[in-house]
Amino acid sequence: MLHAMPGDARGSDTRMVVPPLRGRSGASDAGAEKAVEELAPAPAHPWELPLLAVCALVGTGVIAVAVHTVWTATDSWAWTAVAAAAVPAVCWAARGLRYARQRAESVKISPTQFPEAYRTVTELSAVMGLHRVPEAYVRASGGRLATDACAHTTRRYLVLPDELFDPDGRPRDPDALAFLVAHQIGHITAGHLSYWRRVATLGAELVPGLGASLARAMEYTADDNAYACHPEGAHTVRLFAGGTHLYTKVNMGEMADRARTDRGASLLLYHLLSRRPSNTRRMAALRDRRRYGRVFL
């Protein structure tokens, strides 16, 4: 069983904190409506927009070079047009197949299937300013705790691992579930799932560390949105370090301190190539709200 633990965050945070979700605290509908009006989205990580600009520039350049190469090799407008359309077409198809896989294989969260999770997704969507509640699915994760937010056409959807739920379908740790859902909704509200954004930055993945650095900055932005909405769930990052059985034994402060003290060339290379901030760095950013998460050094 997972047990809700108090957040280990410290430091000052000037962003508005909403009351706990209805159903756990008994907050009224009027209080929820007030929270929707008062909650301001957390600002993007300071490195996100500069990295987005660089990645878009590199990605556009890669596409331009590819199209120019096809034109030079074939001297055909038809083949050049096909080359220019190939990247957005493949990206669209990949997103469509990813969505189709969830619809075909995963359990869709609804008022009758995982109702507590459905209420969490619905209420957090309203609190965080979404006009349309994203679909949500539970998938068999094989023991992995990866959550995801994805999109195809105008649809946005979340994917949650089965490890977050008891055998009876109830959340093992309601605060952890709320934080993870808020994190994924944070990706949506920050525009991270935009189709054209993905197309423009796809070429940057060919540069080692560049696309990964943008991905890490976006993860920090989503964490900030989750913390602004549900700080009680800040302990959730310990799940990724200790797993569902041992995470309550993880000392978040001790791990966060290692983000400052652990050094080494191999460790630096690992951080630069990883698409997600390491557990130690995420804990440090969530624990001390006066500092931004470290994207590079």
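Keep in mind that what you see is a predicted model, and the values were worked out from it rather than measured.

Parameters and conventions
- Residues numbered from 1 in each chain as written.
- Predicted model: local features only at pLDDT ≥ 70, side-chain atom pairs only at ≥ 80, totals over all residues.
- Heavy atoms only, no water.
- Helix = DSSP H or I, 4+ residues; strand = E, 2+ residues; numbered from the N terminus.
- Axes fitted to C-alpha atoms, helices over the stretch in contact; angles between N-to-C directions.
- Left-handed = near helix turned anticlockwise from the far one by under 90°.
- Contact = heavy atoms within 4.5 Å.
- Nonpolar A, V, L, I, M, F, W, Y, C, P; charged D, E, K, R; others polar.
- Parallel < 35°, antiparallel > 145°, perpendicular 65-115°, else oblique.
- Buried < 20%, exposed > 50% of the residue type's maximum accessible area, 1.4 Å probe, protein only.
- Pairing = 2+ DSSP bridges.

(A) Representation of the environment of T244 in the model. Its location among the elements puts T244 in helix α8 (residues 238–246). With 80 residues separating them in the primary sequence, T244 and L164 have C-alpha atoms 8.1 Å apart.

(B) Local environment of the packing of helix α2 (residues 48–74) against helix α7 (residues 210–229). Where α2 contacts α7, the two axes come as close as 9 Å, and the packing angle between them is 145°. Every pair of crossing elements has a handedness; the one defined by α2 and α7 is left-handed. Residue-level inspection shows E48, L51, L52, V54, C55 and V58 of α2 in contact with α7, the latter providing L210, G211, S213, L214, A217, M218 and T221. Broken down by class, the residue content of the contact of α2 with α7 amounts to 9 nonpolar, 3 polar and 1 charged.

(C) Molecular detail of the packing of helix α9 (residues 252–261) against helix α11 (residues 279–287). For the pair α9 and α11, interaxial distance at closest approach is 7 Å and the crossing angle is 110°. As judged from the angle between their axes, α9 and α11 are roughly perpendicular. Contacts between α9 and α11 involve M252, G253, M255, A256, D257, R258 and A259 from the former and N279, T280, R281, M283, A284, L286 and R287 from the latter. The residue makeup of the contact of α9 with α11, split by class, is 7 nonpolar, 3 polar and 4 charged.

(D) Region of the structure containing the pairing of strand β4 (residues 155–161). Across the 7 residues of β4, 5 count as buried, placing the element largely inside the fold. Sheet analysis places strand β2 (residues 135–139) next to β4, joined by 5 bridges and oriented parallel. Counted as the bridge partner of R139 is P161 from β4. Where strand β3 (residues 148–152) meets β4, 5 bridges bridge the pair, whose relative direction is antiparallel. What sits directly across from A149, in β4, is L158. Between β3 and the antiparallel strand that follows it, β4, lie 2 residues; T153 among them carries a positive phi value of about 50°.

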